[in-house]
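Coordinates in review
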Amino acid sequence: MDYNRIAQIFSQKVQAEYKEDVAAIVLYQTAAQQENQTVRIYFIPKTDRGEKLGWSFLIKDTAIKILPYTWDALKALTSGDRRNVGMLTEAQLVYVCSKEDAARFTALSEQAAVVQNREEQCANILQECKDLYFSFDVPNCDAAKVFIEIFEKIVCALMLYNGKSFRHGWDTIKQDMSELETLPECYGECVDIVTHTADPQMLKSACCKLILQTQQVIKLEEQEEAVSISEGFAGLYESAKELYQRIITAAFAGNALSALLYAKELQWQLDQVGERTKQRVPLENLLDLYYRKDLTSFAVAMYAHEAGLMGFILNHGIQFEQYANIERFEEAMLPKD
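All values derive from a computational prediction rather than experimental measurement.

Describing the overall build of the chain
- Within the chain one finds 14 helices and six strands.
- Among the 337 residues that make up the chain, the fraction classed as buried is 42%.
- A total accessible area of about 18,100 Å² is found for the chain, and carbon and sulfur atoms account for 48% of it.

In structure tokens, the structure reads:
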């Protein structure tokens, strides 16, 4: 799918009809060779009219989403909500309303790049800690020295991750760490160990826990928050439609195993989207409908289940305009006389 062309067509519509309502249009597209390639076309609204411009549609059987992101939502990517920071650092501006809007987006992109670089540095520091950990097994190892070196690196990573500078000195470290909201659970235990024991096994065990728990602390801030129903279920449409068809075809052909496997895959996708949107789909579990001795009834039930899912999506305001190809989409976007 030529997402760049779709973004350009959308830009033409905005410039013709919504020029004062949209600050910018952005294309975020990860490398095509990456597994699970991510593509997003989004825009930054300036008015209520612009905010209502987003929608989902189909070109052939591919679901396309063009969604609004406010300046505040993008700002969040440079602070706590870091999982989608690439939406700024790897973004291509397709349209911008003014020099001021361009400067504002560039400033956010630069802040996001700092965050991204900081997280890469944290990952490198944690890897250094893991490499150092194996020093405990070296004959005649100075366990206390290794522990302190790892401990200081962990402190450095935590400070860096929170946008603070690392400062040497035991008293300074204790003061700086006390100001962080989230610490590894074993941090206090590790402080006691380093000040009260030189036992190599205790130091090694403490280091292991400290490294693992520091990874968990960092990952806590990367957990996905709920996405909108529109974003979650619009993205489901394409694969769900295909899986329903595969289930029905396999069931009518008498292939019980294939029908079951496709049903499991679709139910898993429904459950995942439900978790991401915090919205349960009010439909019967597909596996409860499956009965291998009556596959015809199962196939018929799939038609009803698909209709129920589409009804749920439409009831939440997700509209799917359908276009046979990009050319038909472009024709539909032309200004009306």
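Here's the deal with the pattern of salt bridges
- A complete count under the given rule lists ten salt bridges for this structure.
- Glu17 is the partner of Lys13 in a salt bridge, and the nearest nitrogen-oxygen pair spans 3.3 Å. Within this pair, Lys13 and its partner Glu17 are both found in helix H1 (residues 3–17), separated by four residues, close to a single helical turn.
- A relative accessible area of 13% means that Lys13 is categorised as buried.
- A relative accessible area of 28% places Glu17 in the partly exposed class.
- One salt-bridge network, held together by shared partners, links Arg5, Glu327 and Glu330.

Brief notes about the packing of aromatic side chains
- According to the stated counting rule, one finds seven aromatic pairs in the structure shown.
- Relative to Phe134, the ring of Tyr133 lies with its centre 6.1 Å away and its plane at 70°, an arrangement referred to as edge-to-face.
- Overall, the relative accessible area of 17% leaves Tyr133 in the buried class.
- Within the aromatic cluster, the residues linked to one another by ring pairs are Tyr133, Phe134 and Phe136.

Some remarks on the packing of helix H6 (residues 143–161) against helix H8 (residues 187–196)
- For the pair H6 and H8, the least separation of the axes is 11 Å and the interaxial angle reads 145°. Considering only the axes of H6 and H8, their crossing is left-handed. Judged by residue contacts, Phe147, Ile148 and Phe151 of H6 engage Tyr187, Cys190, Val191 and Val194 from H8.
- Here the residues of the contact of H6 with H8 sort into seven nonpolar, no polar and no charged.

Details of the state of the cysteines
- Within this structure, the stated rule accounts for zero disulfides.
- Unpaired in this structure, Cys141 has its nearest cysteine sulfur neighbour in Cys207, at a distance of 9.8 Å.
- Cys190 supplies the cysteine sulfur nearest to Cys186, a cysteine that is in no disulfide, at a spacing of 3.9 Å.

Thoughts on the pairing of strand S1 (residues 22–29)
- Extensive coverage of S1 is indicated by the burial of seven of its eight residues.
- By the bridge criterion, five bridges tie S1 to strand S5 (residues 91–96) in an arrangement that is antiparallel. If you follow Ile25 over to S5, its bridge partner there is Tyr95.

Examining the nonpolar core
- Among the nonpolar cores identified, the biggest contains 34 residues, and Phe136, Phe147, Ile150, Phe151, Ile154, Met177 and Cys190 are the most heavily contacted of them.
- Looking at this core, the elements that each hand over two or more residues are helix H5 (99–133), H6, helix H7 (170–178), H8 and helix H9 (200–220).
- It is H6 that provides the largest number of residues to this core, a total of twelve residues.
- Once residues lying within four places of it in the same chain are set aside, the contact partners of Ile150 are Cys129, Leu132, Tyr133, Phe136, Cys207 and Ile211.

Observations regarding the environment of Glu128
- As for its position among the elements, Glu128 is in helix H5.
- Between the alpha carbons of Glu128 and Ile154 there is a distance of 9.8 Å; along the sequence they are 26 residues apart.

Re the confidence of the model for the chain
- Of the residues in the chain, 86% have a pLDDT of 70 or more, and the chain-wide mean is 81.
- When the criterion is pLDDT under 50, residues 220–225 qualifies, and its contacts beyond four places in sequence or with other chains add up to 13 contacts.

A word on unusual backbone geometry
- The backbone phi angle of Asn140 is positive, close to 60°, even though this residue is not glycine.
- Relative to the helices and strands, Asn140 is located in the loop between H5 and H6.
- Accessibility expressed as a relative area gives 82% for Asn140, which makes it exposed.

Some remarks on the packing of H5 against H6
- As a packed pair, H5 and H6 sit with axes 9 Å apart at the nearest point and diverge in direction by 165°. With respect to H6, the axis of H5 lies roughly antiparallel. Considering the relative orientation of H5 and H6, their crossing is left-handed. Along the contact surface, H5 presents Arg118, Glu119, Gln121, Cys122, Ile125, Leu126, Glu128, Cys129, Leu132 and Tyr133, while H6 presents Val146, Glu149, Ile150, Lys153, Ile154, Cys156, Ala157, Leu160 and Tyr161.
- Among the residues forming the contact of H5 with H6, the class breakdown is 13 nonpolar, one polar and five charged.

What counts, and where the lines are drawn
- Counting restarts for each chain: residues are numbered from 1 in the order of the written sequence.
- In view of the model being predicted, local features appear only for residues whose pLDDT reaches at least 70, and side-chain atom pairs are presented and counted only at 80 or more, with totals across whole chains, interfaces and linings using the full set of residues.
- No hydrogens and no water enter the side-chain calculation; it runs on all heavy atoms of the structure.
- Runs of H or I in DSSP of at least four residues are treated as helices and runs of E of at least two as strands, each being numbered from the N terminus.
- Only protein chains enter the area calculation, which uses a 1.4 Å probe; residues under 20% of their type maximum are buried, those over 50% are exposed, and those in between are partly exposed.
- To measure how exposed things are, a 1.4 Å probe is used in the Shrake-Rupley method; for residues, cover is taken only from the protein chains shown.
- We define a salt bridge as a side-chain nitrogen of Lys or Arg found within 4 Å of a carboxyl oxygen belonging to Asp or Glu.
- When the centres of two rings from Phe, Tyr and Trp lie within 6.5 Å, Trp using its six-membered ring, the rings pair. Their planes under 30 degrees apart give stacked, over 60 give edge-to-face, and anything left gives tilted.
- Here, axes are lines fitted to C-alpha atoms. For helices the fit covers the stretch in contact, and angles between N-to-C directions go from 0 to 180 degrees.
- The hand of a helix crossing depends on one turn: near helix anticlockwise from the far one by less than a right angle means left-handed, and clockwise means right-handed.
- The criterion used for residue contact is that any of the two residues' heavy atoms lie within 4.5 Å.
- Think of it as three bins: nonpolar holds Ala, Val, Leu, Ile, Met, Phe, Trp, Tyr, Cys and Pro, charged holds Asp, Glu, Lys and Arg, and polar takes everything else, Gly as well.
- Cysteine sulfur atoms that come within 2.5 Å of each other are treated as a disulfide pair.
- Strand pairing requires that DSSP identify at least two bridges connecting the strands.
- Among buried residues, the Ala, Val, Leu, Ile, Met, Phe, Trp, Tyr and Cys ones that are joined through side-chain atoms within 4.5 Å form a nonpolar core.
- Confidence per residue, as judged by the predictor, is encoded in pLDDT with a range of 0 to 100.
- By definition in this entry, angles of less than 35 degrees are roughly parallel, angles greater than 145 are roughly antiparallel, angles of 65 to 115 are roughly perpendicular, and the rest are oblique.

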